[in-house]
Amino acid sequence: MTSAAPQMKPWIEAMHAYVPGKSSAGAPVVAKLSSNENPWGPSPMAVAAMQAVLADGHRYPDPASTALREALGRKYGVKPEHIICGTGSDEILHMIASSFAGPGDEIIHVRHGFAVYEGATRRVGATPVVVPDVDYTGDIDAILRAITPATRVIYVANPNNPTGTLLPAADVRRLIAGLPSDVVLVLDCAYAEFVDGEYEDGLALAQTLPNLIVTRTFSKIHGLAAQRVGWAVAALPLIAAMERVRGPFNVTTTGQAAAVASLGDDAHLAMVRRETIRLRGWLEGEIAALGNAGLRAIPSACNFILIEFPESGPVSAADCNQYLLDHGIICRYLAVQNMPRCLRISIGTETETRTVAAALRDYVEGAGASA
Ligand SMILES: *Cc1c(COP(=O)(O)O)cnc(C)c1O
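Student: Where do I start with the nonpolar core in this structure?
Tutor: Nonpolar side chains tend to gather and get buried jointly when the protein is soluble and globular. Among the nonpolar cores identified, the biggest contains 45 residues, and Ile 154, Leu 185 and Phe 218 are the most heavily contacted of them. Take this core: its biggest share by element is five residues, from helix α10 (residues 253-263). The contacts of Phe 218, once residues within four sequence positions are left out, are Leu 68, Leu 72, Gly 223, Leu 224, Ala 225, Val 229, Trp 231, Ala 259 and Leu 263. Judged by nonpolar contacts, the second largest core, of 26 residues, contains Leu 279, Ala 317, Cys 331 and Val 364.

Take a look at the structure:
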């Protein structure tokens, strides 16, 4: 027997474990605004649907998420066979990397993109190619220029997390038009429902094009993050490839039931959307009113706002984050994503949003940097 220890594969060793948004502070929590959760919670219809299936807990779930795919198909005008469901869209993002890339292949994502893309890339031994953005917004021409013969997949979140920025519909179509036919474009539309204006959601294109996958989630506007339900639309050969690596019973019975019920509660979804957009605009205005301190709210199409702090001077994202934590407000300080000047604040209820706005003002005034 040798004394050698088990060895991680080198590409796994190059990874670090996912760092989630904080869920505790130095004081009793008054607002948890770190993970872009819907603060109003799921539809009461979804809650009832989950309760109704709890006693079936000894049975495996429907492996094909049949009722959910049919409900999605009806709501979005997509054929159910073009839909695949995942344990959150997270699982789908991983299924895509495993199906189409491996060691020696390249996967493109934008700088300041969603952290899962790098993890999904490294996990399969592929090489991440990071493309610079322009003022926190994806740069279509730079993405197209970064494509090489080794490129297999491109991940683009639109609108993007953690920046909140939206690519114009024409840019999305230009990216699709410029793709080599053997490169898979993943349009991650986790925040699609919060866009207020012209938007290319890609769903119709994903049914017809051979190399476009659109991913969506029940974790954000539906308020079902705990249930882990995501879905994607793609051409049949891409769906067939992902089906090979999908976990057999990957969406729980409660998750499937909740998602179907939530799709039927248009009033709840409309309320969450309307309130989120209203409070997002209000908070943007409050941050703009602190403008003399050098804070900048990046225009957001999501249920959160990214705030950029000045390079130097009396206020900083790190200090502000600590101040907020000391007052029971949990936001996402983005130093872990190489954005040490940025704080991301999820839109909470009206009370939570007013609380964080007041705390930001108190912090800025206390730091002696106000107008
Ligand atoms: C929140 C989020 C998701 C959703 O992840 P789930 O696994 O479905 O909870 C996907 N993409 C982005 C960019 C997100 O911010």
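Still to come is the rest of the account.
Student: What exactly am I supposed to notice about the site of the ligand here?
Tutor: Looking at the ligand, the residues that line it are Gly 88, Ser 89, Asp 90, Phe 114, Asn 161, Asp 188, Ala 190, Tyr 191, Thr 217, Ser 219, Lys 220 and Arg 228. Contact between the ligand and Asp 188: a nitrogen atom at 2.6 Å from a side-chain N or O atom of the residue. Within the complex, 93% of the 390 Å² of free accessible area of the ligand lies under protein. Of the residues forming the shell around the ligand, the biggest block, three residues, is contributed by helix α4 (residues 88-100). Among the residues making up the shell around the ligand, the classes are represented as three nonpolar, five polar and four charged.

Student: How should the packing of helix α3 (residues 66-76) against α10 be read in this particular structure?
Tutor: Packed helix pairs are characterised by how far apart their axes lie and by the angle those axes make with each other. Running from amino to carboxyl end, α3 crosses α10 at an angle of 20°, the nearest separation of the two axes being 9 Å. When the axis of α3 is compared with that of α10, the two are roughly parallel. For the element pair α3 and α10, the recorded crossing hand is left-handed. Along its contact with α3, which presents Thr 66, Ala 67, Leu 68, Ala 71, Leu 72, Lys 75 and Tyr 76, the element α10 presents Gln 256, Ala 259, Val 260 and Leu 263.

Student: Hey, could you run me through the sheet that holds strand β6 (residues 184-188) in this one?
Tutor: Across a sheet, paired strands are connected by hydrogen bonds in the backbone, their directions being either parallel or antiparallel. Strands sit in the order β2-β8-β7-β6-β5-β3-β4 across an open sheet of seven strands; the sheet is mixed. At either end of the open sheet lies a strand with only one pairing partner, and these are β2 (83-87) and β4 (127-131). Across the sheet, the mean angle separating the axes of adjacent strands is 25° when strand polarity is ignored. The sheet contact formed by strand β3 (residues 106-110) and strand β5 (residues 151-157) spans four bridges and is parallel. Paired with Glu 106 across the bridge in β5 is Thr 151. On top of the sheet, α4 reaches β2, β3, β5, β6, β7 (212-217) and β8 (229-233); it is set at about 110° to β2, its chief contact. Where helix α5 (residues 115-123) meets the sheet, it contacts β3, β4, β5 and β6, and its direction lies at approximately 160° from that of β5.

Student: Looking at this structure, I do not really get the environment of Ala 67. What am I missing?
Tutor: Within the fold, Ala 67 resides in helix α3. Since its relative accessible area comes to 47%, Ala 67 is described here as partly exposed. Leaving out residues up to four positions away in the same chain, Ala 67 has contacts with Asp 62 and Val 260.

Student: Explain the domain arrangement of the protein chain here, please?
Tutor: Reports often express the size of an interface as the amount of accessible area lost when the parts come together. You can read the domains of the protein chain as domain 1 (10-41 + 267-370) and domain 2 (44-264). Centre-to-centre, using C-alpha coordinates, domain 1 lies 25 Å away from domain 2. Across the contact, 32 residues belong to domain 1 and 30 residues belong to domain 2. For the pair domain 1 and domain 2, the summed buried surface comes to about 2,500 Å²; carbon and sulfur atoms form 62% of the total. Connecting domain 1 to domain 2 are two salt bridges. The salt bridge partner of Asp 196 is Arg 273, with a shortest N-O separation of 3.9 Å. Linking domain 1 to domain 2 there are 11 residue pairs in polar contact (both at pLDDT 80 or more). Only α1 (10-13), α11 (266-288), β9 (296-298), β10 (304-308) and β13 (342-346) provide two or more residues apiece to the side of domain 1 that touches domain 2.

Conventions and cut-offs
- Residues numbered from 1 in each chain as written.
- Predicted model: local features only at pLDDT ≥ 70, side-chain atom pairs only at ≥ 80, totals over all residues.
- Heavy atoms only, no water.
- Core = buried A, V, L, I, M, F, W, Y, C linked by side-chain atoms within 4.5 Å.
- Buried < 20%, exposed > 50% of the residue type's maximum accessible area, 1.4 Å probe, protein only.
- Helix = DSSP H or I, 4+ residues; strand = E, 2+ residues; numbered from the N terminus.
- Contact = heavy atoms within 4.5 Å.
- Near = heavy atom within 4 Å.
- Polar contact = N/O pair within 3.5 Å; in protein donor to acceptor, adjacent residues only side chain to side chain.
- Areas by Shrake-Rupley, 256 points an atom, 1.4 Å probe, with all protein chains shown as cover.
- Nonpolar A, V, L, I, M, F, W, Y, C, P; charged D, E, K, R; others polar.
- Axes fitted to C-alpha atoms, helices over the stretch in contact; angles between N-to-C directions.
- Parallel < 35°, antiparallel > 145°, perpendicular 65-115°, else oblique.
- Left-handed = near helix turned anticlockwise from the far one by under 90°.
- Pairing = 2+ DSSP bridges.
- Domains from an automatic or database assignment.
- Buried area = accessible area lost by both parts, 1.4 Å probe.
- Salt bridge = Lys/Arg side-chain N within 4 Å of Asp/Glu carboxyl O.

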